[in-house]
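The residues making up each chain are set out below.
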Amino acid sequence: MVLDPAIINATEYLDATQQYIDYCAANSISTKVFFTTGPVDGSCATGELGYNKNLMYEAIRTYAKANSSRILFDYADILCYDDGGQTPNTTTWNGHVYPVITETNLNPVYSGHIHRVAE
């Protein structure tokens with residue numbers, strides 16, 4: 001059985017982040033560590049890489065939801081919705097449908113993916 005590279009990357013990321021959380025707890029270091037997803041535009045949104053990124057983000061969400069003490073900053077999800085909360089844009093790769101950045105958040109006038117609402 002060959003593991004999907006996105007799942008391997010997610011496992012490494014989740015393991016490293018959890019180890020840091022455990023280290024802080026074991027050493028009485030008061031901190032809040034959070035898990036996060038990443039961008040869903042450009043090369044991170046297209047083709048096989050885009051689909052694999054989506055799988056990785058789903059693995060991160062599942063892991064964070066499994067324990068109420070885990071904090072998730074779901075950047076990918078934020079980028080997929082605009083202020084109206086509409087259903088996110090989607091794309092497909094090899095028959096798989098997955099969400100990508102909304103046109104509202106892809107405005108090239110601003111950097112960092114998210115911009116203020118047009119006035």
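Residues numbered from 1 in each chain as written. Predicted model: local features only at pLDDT ≥ 70, side-chain atom pairs only at ≥ 80, totals over all residues. Heavy atoms only, no water.

1. Section: the overall build of the protein
Operational definition: Only runs of H or I of at least four residues qualify as helices and only runs of E of at least two qualify as strands under DSSP, and these elements are numbered from the N terminus. Here the term buried applies to any residue with accessible area under 20% of the maximum for its type, exposed to any over 50%, and partly exposed to those in between, with areas from a 1.4 Å probe on protein chains only. Should any heavy atoms of two residues lie within 4.5 Å, those residues are considered in contact. Throughout, the Shrake-Rupley method with a 1.4 Å probe supplies accessible areas, and for residues the shown protein chains are the sole cover considered.
Secondary structure summary: the protein contains 3 helices and 4 strands in total. Counting across all 119 residues of the protein, residues that qualify as buried make up 29%. Taking the intrachain contacts of the protein between residues at least 6 apart in sequence as the baseline, contacts between residues at least 24 apart amount to 52%. When the accessible area of the protein is evaluated, it comes to approximately 7700 Å², of which 55% is carbon and sulfur surface.

2. Quick word on the pairing of strand E4 (residues 96-100)
Our working definition: DSSP calls a pair of strands paired once it identifies at least 2 bridges connecting them.
Of the strand pairs in this sheet, strand E3 (residues 89-93) and E4 are connected by 5 bridges, and their pairing is antiparallel. Of the residues in E4, the one forming a bridge with Thr92 is Val97. Two successive antiparallel strands, E3 and E4, enclose a turn made up of 2 residues, where Asn94 displays a positive phi of approximately 55°.

3. Points about helix H2 (residues 47-65)
Put simply, the rule reads: What a helix is expected to span follows from its residue count: subtract one and scale by 1.5 Å.
An ideal rise of 1.5 Å per residue puts 27 Å on 19 residues; H2 measures up with 27 Å between its terminal C-alpha atoms. Within H2 the residues assigned to the buried category are Gly50, Tyr51, Asn52, Asn54, Met56, Tyr57, Ile60, Arg61 and Ala64.

4. Section: the pattern of salt bridges
We count it as follows: A side-chain nitrogen of Lys or Arg and a carboxyl oxygen of Asp or Glu constitute a salt bridge if their distance falls within 4 Å.
One pass over the full model with this rule turns up 2 salt bridges. The residue Glu58 makes a salt bridge to Arg61 at a minimum N-O spacing of 2.7 Å. Of this pair, Glu58 and Arg61 both sit in helix H2, 3 residues apart, which is roughly one turn of that helix. You can call Glu58 partly exposed: its relative accessible area is 38%.

Note that all results are geometric; they support no functional claim without further evidence.
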